[in-house]
Every structure is written in C-alpha cells, then in structure tokens.
There are 2 protein chains.
Amino acid sequence: MAEPQQIIFSNDIAGSLARIVSEMRPSSVVVVTDDEVKSLVLPRLGLPADWTVCSFAPGDLNKNLESLAAVWGQMEEAGATRHSTVVNIGGGVVTDLGGFAAATFKRGVRFVNVPTTLLAAVDAAVGGKTGVNFNEYKNEIGAFAPADAVVISSATFGTLPAREILSGYAEMVKHGLLDSAEAYRALIAEDPLKLSDERMLELLEYNVGVKERVVTADPFERGIRRALNLGHTPGHAFESLALHRGRPVPHGFAVGWGLLVDMILSHMELGFSSDYFYPYRDFLRENGYGTPDITCDDYDTIVDLMRHDKKNASPDAINFTLLRAPGDVCIDCIVTADKIKAALDIFRDLTEA
Amino acid sequence: MAEPQQIIFSNDIAGSLARIVSEMRPSSVVVVTDDEVKSLVLPRLGLPADWTVCSFAPGDLNKNLESLAAVWGQMEEAGATRHSTVVNIGGGVVTDLGGFAAATFKRGVRFVNVPTTLLAAVDAAVGGKTGVNFNEYKNEIGAFAPADAVVISSATFGTLPAREILSGYAEMVKHGLLDSAEAYRALIAEDPLKLSDERMLELLEYNVGVKERVVTADPFERGIRRALNLGHTPGHAFESLALHRGRPVPHGFAVGWGLLVDMILSHMELGFSSDYFYPYRDFLRENGYGTPDITCDDYDTIVDLMRHDKKNASPDAINFTLLRAPGDVCIDCIVTADKIKAALDIFRDLTEA
C-alpha cells in the first residue's frame, strides 16, 4: 500500500506494458478482461502470445461474486502463482473486479491496470479501490489495493460510444470542481465529444494528477480522500435505483446528475453560489446526459439507498461531500432526509424544465 | 498493515474484549463465529446483548466462498458500516474466514480475533493471514490483513477434544524447532494433554512471541516469514489429500506429520541430524497423532498437491523451508520430486514401523 503507484501516460500500450511487466520478472502473465474487450480491443493491441487471457461477461450487472469466482478459477487453471502478474485491460468494471481478484488470489499478486475507457482512466484505474457489487449494493465487497502500475492512454477511446465519453467526462468535471473555478469553467466550456486525442491526453494528465494528489494524502479514505465522493452520494443512489429497475445507467451519467444535486445541497448548506449550477445544467443538457427519470414517489427509495452508502457512520446519518466554492471542499457534511428531498425537487425543476 | 497488532494474554475474555472494543468506538459490533462455538462457547462468555452474531457451519469443509458470502450477507443485514468492529470468536476456520470477511466488507472494517482453540491461538489468529479454500485448494483466496487486536487465552481449551490440543501443539513444536534445540527438546518432553492452564499460558506467550517476531520482520511473506512454513509443504499436501478423499484431518496433525517429512528432507539436503527425528517420531506415536494413511500409490498425487502450494514460483519448482539444525533455518529450498518420494519412503518406514 505504501509503495507509490507508477502512472504512465502513453499511446503505445503494448510497448509500455512490455517494459513494465518485464521489470517485474513474473513467473507468468494473466490478462483479465471482459468478453467484449477481449474480442474488440485485445486483437489490436498485439500482446505477447504467452499471456493467458481470463474474461467474464461485460457490464456492471456482471461485476459480482460469480464473475469473480470465474476469474479466480481461470487464473488457477492458467497455473498462476504468487509471482505472476495480472494485467487488467478494460473499463472500470474490469479494473475493479480484476484488481480485487489479483489482490486476493493466493493472498495477492502484482497487477497493472490498462483502462480502455475514459471513465476508468480518470476514476477506477487509479487509487487502489477494488471490489464487486454484492446483494445489489455497489462495491460492497472489496479492498484498498493500488495497481503496481497504470497505463493511461487515449488510444482506445476512438471506438467508444458517445455515452462512454460523456460518462468519463463527468468525473473530469468533478476533479475540476475540486480544484478551482477556472478548471471547472474550462472543462464545461469544452465539447467532450469533439476533443482531439492530444487535447484529451493533456486533460487526462491534469485530471489524474488531481485524483493522485488526493489519494496519496489519504490512501484508505479516512479523511480528505472523501473529497472525491463529490457527486457520488446521490450518484450511487441514482445508479442503484436504475439497477433495481433492471435498466442500468452509466456510472458517469449518475455522477453527472449527482454533481448537480451536490451543488444544490452545497448552495442550501454552505452558501455555494447558484451561479455555478445553471451553466452546468446547460452543459448536461447540451451534451445529452439525459435525466435519472425520477418522480417524488422515488424520493424515499433514493434516501434509503443513500443510507447504505459506505461513507455513513450509521444508517441514520447521511454523509455528503459538499463545496463552499469550487476548490473549497467540505467533507463529512451530514444532511437530513428533508433537505435531500428539497434538493431533489430543485434538481428536477432544473433538469426537467 | 503497518500498525502493530495488539496481543493480549488473559483468561478474562469478556473483560479484555470490552476494553479493546470500547477503545475503538465502533458504530456497532458484529461477532463472527461458527454454529458450534455459537451454541457451546458464546453463552459462557457473557458478551453484550447488542453485539449481533453472524455464524456459519463449522469445519474446514465450510471455509469456502459460500460461507463467506453468507457472512457478508449477515453483516449487511445487521446494518454493519465501515465503522463497525468485527469480533471473530472460534478456531482457525473462523479467524481465517471472519478476518477475510472483515478485511473486504465495504473495503475493510476493524476486527479482533479471539481464538478458542490452541491451534488458532498459536497459528491462525496472529499474523494477518486470512482467507478461504477455493476449488479444493487451501487458502487459495485471501488477504494479508492483521487483526487490530488478538485476545489469547487458555480459558476455552478445557472442553477441547484431545485431537484439538495435539493439533495446536504440533505448531508449537514447529516454533520450538525454529527457535533452538533446547526449546524443541523441552516441548516434546511435555505431555500436551496434561498441561495446567498456567503452564499452557506460559508456553503460549513464548510461542506466540516466536511467531510475532518472524511476522513483524516480514509481514507479506517475501522472505524470512517463510520460516513459518516449516512442515507445511508436506502438511498442506497431506491435508488436501485427506480433503479430496472426503476424510478431512486436523491441520495440526498434517503439520505434525509434515514436520517429520521436512526433518527427513533437511537431513537429506542440509545434513540436519537424524538424531532429532527419532524422539519426534516417538512423540507423535506416544501422543496419538496417528499417520496420514498413505501408500506409494499416493506419492504422485502428493507431489502434485505440493506443486500448487502458494510458495512455489512456478509449478516445476517445489519449495520447502528446511533446517540445518534447530534454530538454523533455510528458506526457499527447491527439492526434486524424486527426493520427496524418497523422503516419503523414510517417513513411512519411521511412522509405520
């Protein structure tokens, strides 16, 4: 845990991987991925033929104990030892599940993350949070286990559907909000779907840098790391609600909506200026983030889902990360159910108007 | 991982627990145990009524993913949060599985181990190895996660069957062998089944001390901690073989037999004096450790099981911890299949004569 995570920004994925992995002198290399990345992305990377590929069905609905057990079984069949290296190639579902599989196989083998989606690059792949969903709760089971190395690249983003880019971009806006008003304004002034590869890699270095500084200061999330939860208390609730309904939504869309809810709560609780959330509402609308499709009949369920969030010290206290202003973070803000419901009213007024 | 593990030697279990747990100021307390300890031991301890009890079916055959998932589910139902404390009360199966459950529930909650068997007290409960069996391989899935505190007591040993005492005592002899010829000779001169509570607690403090020193020097088992694997490469193979046959044997019996195999290999490879193993053979025989019930037809299976041991860098190299003399340890000794089979011949001659 104490060893620093090596982060490489490069569009030569195979070359970077070859160098990193050979330095580890592993007894064998096991790639963990999902079936979709396996058929669409892996053939284009040109990985060594003696790396065994383990895969599971794609999607957050499959980030569960069954897929995890299947991956452990495939690692076992591949003859992986404690001295093997695992290379997780895919989106956040793959780096979360593959990271946890590696962290627990024979009590832990080394692993490298290669995020293939924007969201995974700015969120899941860096920072050591691994895990799976359990009984419909998100990331209920997992470990703090940073990858030994992460290869960040925009080379695989070209074929991503628009919603994947938007999903990742919401996390980038979050990092902007945590950093400064300027960074926030610059990010929502861009058109996420029309960025050049070069501009994207620039933004990634900045963005991953913001996250890295916070994580290094607090690897086990005992304090300031909870800043990264901005947008996530409502975001996870929206995401869980969608999962319960059998119509999952991209994590980043849920966070995108959650950021607006948290800006509203920040306004209500800490005087965060409402000037900031109108341009963001417009940003969400103009770029096609849609809405979570809720009515006031869903409020109790949403509040209940928030109660189950890992950040809460007890089921009676619902804990938020809020802002006094961009760059001025307040962690551990306890908000009452009534205030949350009032914020959801305002959120719906803004997004459905 | 870096925080030192607090070890308390006391026969006042409830009092020690109350003090340790209250210092942690948990949001709630969850006891993890097995159904047997729940009905036989827990009522006698007098634990606070507001501690929720989660339990699973006893025995190593139930140290699996299904029991683990059941415990996670019970913790969830009990409303456990990241700020709860888990108290594992039971033998090694309970501290291994409960420790892993705690280390991975919401990415890790604090936990305390209360070993109720001699084996768990000298082996599983201290040192941070947690996990479950998977696909019939022992401890295939797990994590290095030390308990925040361990309460070592002989107060629960009175009702243990003789084989449980013998099982733990074999690990104590291992610690003696790792320490010095004097410690080794003193341990095998005792009658394990006739020790007073006081003498047992004395021996425990000494024994847990040996283990603690080794673990502190190498928490992740990258080097000298492998000294503790003395007896375990053959021991785990005997244990797995018995599991495959559907007739599980106590871990400590398998280790007891394994220590003799490793003494024989130490003699063959490193000139360890054969004078040491005759008294030990007699110790095993006089105290009723029995034999693993193998023939030369089992040798290939045993060697295959050894190949799967986590300690091996590759399936072709079988790795042992051996001794030049008591207290003079040699880790990472690679032994060929032929030598292993020759040692098993001598082992059978000694134990079956």
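The structure displayed is predicted, hence computed values, not measured ones.

(A) Molecular detail of the overall build of chain A. Each helix and strand counted, chain A has 14 helices and 10 strands in total. With the principal axes as the frame, chain A shows a C-alpha extent of 55 × 40 × 35 Å. Residue burial in chain A is summarised as follows: out of 353 residues, 61% are buried. Sequence separation of 24 or more characterises 73% of the internal contacts of chain A that already satisfy a separation of 6 or more. Split by element, the accessible area of chain A, about 13000 Å² in all, is 50% carbon and sulfur. The averaged location of the 48 negative side-chain charges in chain A is 3 Å from the averaged location of its 32 positive side-chain charges.

(B) Focus on the interface of chain B and chain A. Taken together, the 38 residues of chain B in the interface contact 38 residues of chain A. In this assembly, chain B packs against chain A so that about 3300 Å² is buried in total across both faces, 53% of it on carbon and sulfur atoms. Inspection of the region where chain B meets chain A yields four salt bridges. Two residues, A:Glu221 and B:Arg82, come together in a salt bridge whose shortest N-O distance is 2.8 Å. Summed over the shared surface of chain B and chain A, the number is 12 residue pairs in polar contact (both at pLDDT 80 or more). Secondary structure elements with two or more residues in the side of chain B that touches chain A: helix H4 (65–77), helix H5 (92–104), strand S6 (129–134) and strand S7 (137–144) of chain B. Among the elements that make up the side of chain B that touches chain A, the one with the highest residue count is S7(B) (seven residues).

(C) Region of interest: the side chain of B:Thr116. Residues and elements named next belong to chain B. Looking at where Thr-116 falls in the secondary structure, it is placed in the loop between strand S5 (110–115) and helix H6 (118–124). Residue Thr-116 is classed as buried on the basis of its relative accessible area of 6%. Discounting chain neighbours no more than four positions away, the residues touching Thr-116 are Val-37, Val-41, Ile-89, Gly-90, Gly-91, Thr-156, Phe-157 and Leu-160.

(D) Representation of helix H5 (residues 92–104) of chain A in the model. Residues and elements named next belong to chain A. With 13 residues, H5 ought to run about 18 Å at 1.5 Å a step, and its terminal C-alpha atoms sit 18 Å apart, in line with that. When you tally the buried positions in H5, you get 12 out of 13 residues, the bulk of the element. Along H5, the positions that sit buried rather than exposed are Val-93, Val-94, Thr-95, Asp-96, Leu-97, Gly-98, Gly-99, Phe-100, Ala-101, Ala-102, Ala-103 and Thr-104. One or two residues past the end of H5 sits Lys-106, with phi positive at roughly 50 degrees.

(E) Fine view of the relation of the copies chain B and chain A. Of the transformation placing chain B onto chain A, the axial shift is 0.0 Å and the rotation is 180 degrees, giving an RMSD of 0.0 Å. Interpreted geometrically, this transformation is the action of a two-fold axis.

(F) Quick look at the side chain of A:Asn113. All names here are of chain A. Position of Asn-113 relative to the elements: it lies in strand S5 (residues 110–115). Asn-113 gets classed as buried once you look at its relative accessible area, which sits at 3%. Engagement of the side chain of Asn-113 in a polar contact is seen with the side chain of Asn-88, the distance being 3.0 Å. With residues up to four places along the chain from it excluded, the contact list for Asn-113 reads Asn-88, Thr-95, Ala-125, Ala-147, Ala-149, Val-150 and Val-151.

(G) Seen up close, the pairing of strand S8 (residues 149–152) of chain A. Residues and elements named next belong to chain A. Residue alternation in S8 divides its side chains into two sets, Ala-149 and Val-151 and Val-150 and Ile-152, and both sets are buried. As paired elements, strand S1 (residues 6–9) and S8 share four bridges and run parallel to each other. Counterpart to Ile-8 in the pairing with S8 is Val-151. Strand direction decides the pairing type here: S5 and S8, joined by two bridges, are parallel. Across the sheet, the residue bridging to Asn-113 is Val-150, located in S8.

(H) Examining the nonpolar core more closely. Counting residues in each nonpolar core, the largest one holds 198 residues, and the members touching the most others are A:Met75, A:Tyr280, B:Met75 and B:Tyr280. Counting residues in each nonpolar core, the second largest holds 20 residues, with A:Leu45, A:Trp51, A:Val114 and A:Val151 among its members.

(I) Expanded view of the sheet that holds S1(A). All names here are of chain A. Strand order across the open sheet formed by six strands is S1-S8-S5-S4-S2-S3, with parallel pairing between neighbours. At either end of the open sheet lies a strand with only one pairing partner, and these are S1 and strand S3 (52–56). Averaged over neighbouring strand pairs, the angle between their axes works out to 20 degrees when direction is ignored. The sheet strands contacting helix H4 (residues 65–77) are strand S2 (29–34), S3 and strand S4 (85–90), and the helix crosses S3 at an angle near 165 degrees.

(J) Focus on the confidence of the model for chain A. Counting all residues, the mean pLDDT for chain A is 93, and 97% of those residues have values of 70 or more. For this predicted complex, the interface score ipTM comes out at 0.83, while the overall pTM is 0.85.

(K) Representation of the packing of helix H8 (residues 181–189) of chain A against helix H12 (residues 277–286) of chain A in the model. Residue and element names in this part refer to chain A. Where H8 contacts H12, the axes come no closer than 10 Å and their chain directions differ by 30 degrees. Classified by the angle between their axes, H8 and H12 sit roughly parallel to one another. Read as a crossing pair, H8 and H12 show a hand that is left-handed. Across from Tyr-184, Leu-187 and Ile-188 in H8, the residues of H12 making contact are Pro-279, Tyr-280 and Phe-283. Looking at side-chain class alone, the contact of H8 with H12 contains six nonpolar, no polar and no charged residues.

(L) Looking closely at the environment of A:Lys211. Residues and elements named next belong to chain A. For Lys-211, the location among the structural elements is in helix H9 (residues 197–217). When its relative accessible area of 6% is taken as the criterion, Lys-211 is described as buried. When the C-alpha positions of Lys-211 and Ser-16 are compared, they lie 22 Å apart, and in sequence the two are 195 residues distant. Apart from residues no more than four positions distant in its own chain, Lys-211 is found in contact with Val-122, Asp-123, Val-126, Gly-127, His-175 and Leu-228.

(M) Local environment of the sheet that holds strand S2 (residues 29–34) of chain B. Residues and elements named next belong to chain B. The six strands are arranged S1-S8-S5-S4-S2-S3 in an open sheet whose pairing can be described as parallel. What marks the edges here is a single partner per strand, and that holds for strand S1 (6–9) and strand S3 (52–56). The sheet shows a mean angle of 20 degrees between the axes of neighbouring strands, taken without regard to direction. Pairing of S2 with S3 involves five bridges; the strand directions are parallel. Each residue of the ladder has a partner; that of Val-31, found in S3, is Val-53. Seen against the sheet, H5 touches S2, S3, strand S4 (85–90) and S5 and runs at an angle of roughly 165 degrees to S4. Set on the sheet, helix H9 (residues 197–217) makes contact with S1 and strand S8 (149–152); between it and S1 the angle comes to about 165 degrees.

Scoring rules and cut-offs
- Residues numbered from 1 in each chain as written.
- Chains lettered and ligands numbered in written order.
- Predicted model: local features only at pLDDT ≥ 70, side-chain atom pairs only at ≥ 80, totals over all residues.
- Heavy atoms only, no water.
- Helix = DSSP H or I, 4+ residues; strand = E, 2+ residues; numbered from the N terminus.
- Buried < 20%, exposed > 50% of the residue type's maximum accessible area, 1.4 Å probe, protein only.
- Contact = heavy atoms within 4.5 Å.
- Areas by Shrake-Rupley, 256 points an atom, 1.4 Å probe, with all protein chains shown as cover.
- Lys, Arg positive; Asp, Glu negative; His and termini not counted.
- Charge placed at Lys NZ, Arg CZ, Asp CG, Glu CD.
- Buried area = accessible area lost by both parts, 1.4 Å probe.
- Salt bridge = Lys/Arg side-chain N within 4 Å of Asp/Glu carboxyl O.
- Polar contact = N/O pair within 3.5 Å; in protein donor to acceptor, adjacent residues only side chain to side chain.
- Expected span 1.5 Å × (residues − 1).
- Least-squares fit on C-alpha atoms with pLDDT ≥ 70 in both.
- Pairing = 2+ DSSP bridges.
- Core = buried A, V, L, I, M, F, W, Y, C linked by side-chain atoms within 4.5 Å.
- Axes fitted to C-alpha atoms, helices over the stretch in contact; angles between N-to-C directions.
- pLDDT = per-residue confidence, 0-100.
- Parallel < 35°, antiparallel > 145°, perpendicular 65-115°, else oblique.
- Left-handed = near helix turned anticlockwise from the far one by under 90°.
- Nonpolar A, V, L, I, M, F, W, Y, C, P; charged D, E, K, R; others polar.

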